[in-house]
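# Observations on chain architecture
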Amino acid sequence: DDIIDIRHLTKVFHTDNGDVEALHDVTLNFPRGGFTSIIGPSGCGKSTLLRIIGGLDTDYDGEALMDGQPIPGPGRDKGFVFQDHRLLPWLSVRENIRFALPPEHKKDDELIQSNIDLVGLTGFEDALPKQLSGGMSQRVAIARALANRPKILLLDEPFGALDAITKIKLQDQLLRIWQSEHITMVIVTHDIDEAVYLGQTVVVMKPHPGEIKRVEHIDLGWP
Ligand code: ADP
Ligand code: ADP
């Protein structure tokens, strides 16, 4: 059972210096409830692919389907975490999460608290982003993305700016959340250790115009 089906996806950016083909005839799928890592060198199209899956880019050739339907655009069913946390600096941890919630959940303090607890930031509800470490800020970004109860969590180099120890802590926490929440996760990284540590499946992208090689079920005995 796949949640995402990508078929013959081609993405061309039209720039002043001519056309850039970021993705060329990409066909792959993402299993529901799975954890997929997408790895490849800089510029091979990882972010472009993730943005299309997340509905942030709907201008492409080919098909990008979620549950069999064309991905219409960004929405609450798709959670995003970027390399920079993108927290609003003037809002506390609690209010940053509240800000991201749809109108019917804005007053749901229990929902907000449960997501703060989920990422281990109990007690930091009133902290401002500038009072948090880089690792803590990314945990807020993850809590914010999860608070909308997305079907899929998309992470673009989420730990790329963190030191090695913090990175390991957050990777383990993300795996625990994946196991407890049964949410489909897709992470883009250029760190091969991270890709095989986190992913059940590792998708290896080659620089254009190379093909995509899909490596199924790399089982390293984790978890
Ligand atoms: P990766 O995430 O693997 O580093 P990207 O998806 O960011 O790769 O980029 C793939 C290719 O598309 C690169 O050649 C990049 O320069 C180009 N590209 C990405 N975004 C744009 C854009 N908005 N306009 C023009 N070219 C872009
Ligand atoms: P993380 O815990 O996200 O890996 P750090 O390794 O930098 O981030 O922080 C380790 C621990 O130190 C945190 O879990 C937290 O308990 C504490 N800490 C970090 N920054 C602060 C802060 N600004 N105020 C209070 N405690 C902090």
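Heads up: these notes are all about the structure in this document. (Residues numbered from 1 in each chain as written. Chains lettered and ligands numbered in written order. Predicted model: local features only at pLDDT ≥ 70, side-chain atom pairs only at ≥ 80, totals over all residues. Heavy atoms only, no water.)

### Comments concerning the overall build of the chain
If you tally the helices and strands in the chain, you get 6 helices and 10 strands. The globule rule puts the C-alpha radius of gyration for 223 residues at 17 Å, and the 17 Å found for the chain is close to it. Each principal axis of the C-alpha atoms in the chain carries an extent, and together these give about 50 × 40 × 35 Å. For the chain, with 223 residues in total, the buried portion stands at 48%. The contacts in the chain between residues at least 6 apart in sequence include a share of 67% that link residues at least 24 apart. Carbon together with sulfur atoms contributes 52% to the accessible area of the chain, which is approximately 11,000 Å² in total. When the 23 basic and 33 acidic side-chain charges of the chain are each reduced to a single mean position, those positions are 4 Å apart. (Helix = DSSP H or I, 4+ residues; strand = E, 2+ residues; numbered from the N terminus. Rg over C-alpha atoms; globule rule 2.2 N^0.38 Å. Buried < 20%, exposed > 50% of the residue type's maximum accessible area, 1.4 Å probe, protein only. Contact = heavy atoms within 4.5 Å. Areas by Shrake-Rupley, 256 points an atom, 1.4 Å probe, with all protein chains shown as cover. Lys, Arg positive; Asp, Glu negative; His and termini not counted. Charge placed at Lys NZ, Arg CZ, Asp CG, Glu CD.)

### A closer look at the packing of aromatic side chains
Applying the stated criterion across every chain yields a total of 2 aromatic pairs. Between Phe35 and Trp178, the aromatic rings sit 5.6 Å apart at their centres with planes inclined by 75°, giving edge-to-face as the arrangement. One end of the pair, Phe35, is in strand E3 (residues 35–39); the other, Trp178, is in helix H5 (residues 164–181), with 143 residues separating them in the sequence. This pair shows no difference in class: Phe35 is buried, exactly as Trp178 is. Both rings, one in Phe80 and one in Phe82, keep their centres 4.9 Å apart while their planes meet at 5°; by these two values the pair is stacked. The burial state of Phe80 is the same as that of Phe82; both residues are buried. (Phe/Tyr/Trp six-rings, centres within 6.5 Å; stacked < 30°, edge-to-face > 60°.)

### Here's the deal with the site of ligand 2
All residues in the neighbourhood of ligand 2 are listed as Phe124, Gln131, Ser133, Gly135, Met136, Arg139, Thr166 and Lys169. For ligand 2, an oxygen atom lies 3.0 Å from a polar atom in the side chain of Ser133. Separating an oxygen atom of ligand 2 from a backbone N or O atom of Met136 is a distance of 3.1 Å. Taking 530 Å² as the accessible area of ligand 2 by itself, protein coverage stands at 52%. In terms of residue count, the dominant contributor to the shell around ligand 2 is helix H4 (residues 134–147) (3 residues). Along the lines of polarity and charge, the residues of the shell around ligand 2 split into 2 nonpolar, 4 polar and 2 charged. (Near = heavy atom within 4 Å. Polar contact = N/O pair within 3.5 Å; in protein donor to acceptor, adjacent residues only side chain to side chain. Nonpolar A, V, L, I, M, F, W, Y, C, P; charged D, E, K, R; others polar.)

### As for the site of ligand 1
Taken together, the residues surrounding ligand 1 are Phe13, Thr15, Val20, Ala22, Pro41, Ser42, Gly43, Cys44, Gly45, Lys46, Ser47 and Thr48. Between ligand 1 and Cys44 there is a distance of 3.1 Å, counted from an oxygen atom to a backbone nitrogen or oxygen. Between Lys46 and ligand 1, the recorded distance is 2.9 Å, taken from a side-chain N or O atom to an oxygen atom. Protein contacts shield 60% of the accessible area of ligand 1, which totals 560 Å² for the unbound molecule. For the shell around ligand 1, the secondary structure elements donating two or more residues are strand E1 (2–15), strand E2 (18–31) and helix H1 (46–53). With 3 residues, the single largest contributor to the shell around ligand 1 is H1. Counted by class, the shell around ligand 1 contains 5 nonpolar, 6 polar and 1 charged residues.

### Focus: the sheet that holds E1
Across the sheet, 4 strands lie side by side as E2-E1-E4-E5; this open sheet has antiparallel pairing. Each of the sheet's edge strands pairs with one partner strand only, and the pair in question is E2 and strand E5 (69–70). Taken together, the 2 bridges between strand E4 (residues 61–66) and E5 define a ladder with antiparallel strand orientation. Looking at the pairing, Met66 lines up with Gln69 of E5. (Pairing = 2+ DSSP bridges.)

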